[in-house]
Amino acid sequence: MWTTKNYNKSDKIFRGAYNYYRNENMYAEEVFDVYFEKKESSYVTVAESTARVATGELLNIRVEYIYNKEYIPSYVSIEKTMGKEFTKEVFKYITKRNHILYTFENSRGKNGESEIITAPKYHIATPMTSTSMIFLKSKKLDVSGKNTSL
């Protein structure tokens, strides 16, 4: 499994995988590990997916998603490669300014950087199933069972 940091295996709290099928043929798979970093009191999901696209090429996606105990992301890295083409997106949360520093680069040499002003609670969507449910945990659930009228 690829990561930008070598996480301690003893801190691993979960490991999983998803297989994606069309008709009866598997066209993609995703494997992921979830770690708990005691020092930073944060969770880390590291996921890798391989899929065969319609042209027959392989698409590889790697995601590192670091979030706190309120499920708010502090660092997200998304790398996609297909053949000679690649893209890399990085989102870093700057606590002092309540901004996200977004950087982008690709195989054509295009690099970009911008700051995104954000609310205190936000979510960063990735193309991975293993990180898609983190958004739900960041929301406060109404356990009273009240329905709102339209």
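My aim in this report is to walk through the structure given alongside it, one point at a time. (Residues numbered from 1 in each chain as written. Predicted model: local features only at pLDDT ≥ 70, side-chain atom pairs only at ≥ 80, totals over all residues. Heavy atoms only, no water.)

Notes on the overall build of the chain
Along its length, the chain carries two helices and eight strands. If you list the helices and strands of the chain from N to C, you get β-β-β-β-β-β-β-β-α-α. Expressed as a percentage of the 150 residues in the chain, the buried residues total 31%. A sequence separation of at least 24 residues applies to 32% of the contacts in the chain between residues at least 6 apart. Of the roughly 10,300 Å² of accessible surface on the chain, 51% is carried by carbon and sulfur atoms. (Helix = DSSP H or I, 4+ residues; strand = E, 2+ residues; numbered from the N terminus. Buried < 20%, exposed > 50% of the residue type's maximum accessible area, 1.4 Å probe, protein only. Contact = heavy atoms within 4.5 Å. Areas by Shrake-Rupley, 256 points an atom, 1.4 Å probe, with all protein chains shown as cover.)

Section: unusual backbone geometry
Here the phi dihedral of Tyr71 falls at roughly 65°; this positive angle occurs in a residue that is not glycine. Tracing the backbone through its elements, the reader meets Tyr71 in the loop between β4 (58–68) and β5 (73–82). Accessibility expressed as a relative area gives 22% for Tyr71, which makes it partly exposed. Residue Asn98 is not a glycine yet carries a positive backbone phi of 55°. Inspection of the secondary structure assignment puts Asn98 in the loop between β6 (85–94) and β7 (99–106). A residue is classified by how much of its surface remains accessible, and Asn98, at 24% relative accessible area, is partly exposed.

Details of the sheet that holds β5
Reading across the sheet, the eight strands line up as β1-β2-β3-β4-β5-β6-β7-β8 and stay open at both edges, with antiparallel pairing between neighbours. The sheet terminates laterally at β1 (12–22) and β8 (111–117), the two strands that pair on one side only. Direction aside, neighbouring strands of the sheet carry axes that sit 10° apart on average. Bridging between β7 and β8 involves seven bridges; their strand directions are antiparallel. (Pairing = 2+ DSSP bridges. Axes fitted to C-alpha atoms, helices over the stretch in contact; angles between N-to-C directions.)

Here we look at the nonpolar core
Within the largest apolar cluster, 17 residues are counted, with the highest numbers of intra-cluster contacts made by Val63, Tyr65, Val76, Ile78, Phe91 and Ile124. Of all the secondary-structure elements, those providing two or more residues to this core are β2 (25–37), β4, β5 and β7. Looking at this core element by element, the count peaks at four residues for β4. Among all residues touching Phe91, those that are not within four sequence positions of it are Ser74, Tyr75, Val76, Ile78, Ile100, Leu101, Tyr102 and Ile124. In terms of nonpolar packing, the next biggest core, distinct from the first, is built from six residues, Tyr35, Val44, Val46 and Val90 among them. (Core = buried A, V, L, I, M, F, W, Y, C linked by side-chain atoms within 4.5 Å.)

Observations regarding the pattern of salt bridges
One pass over the full model with this rule turns up six salt bridges. In this structure, Arg62 engages Glu48 in a salt bridge whose closest nitrogen and oxygen atoms are separated by 3.8 Å. With a gap of 14 residues between them, Arg62 in strand β4 and Glu48 in strand β3 (residues 42–52) connect regions that are remote in the sequence. On the basis of relative accessibility, which here comes to 22%, the residue Glu48 falls in the partly exposed class. When salt bridges with common partners are traced through the structure, they connect Lys12, Arg15 and Asp33 into a single cluster. (Salt bridge = Lys/Arg side-chain N within 4 Å of Asp/Glu carboxyl O.)

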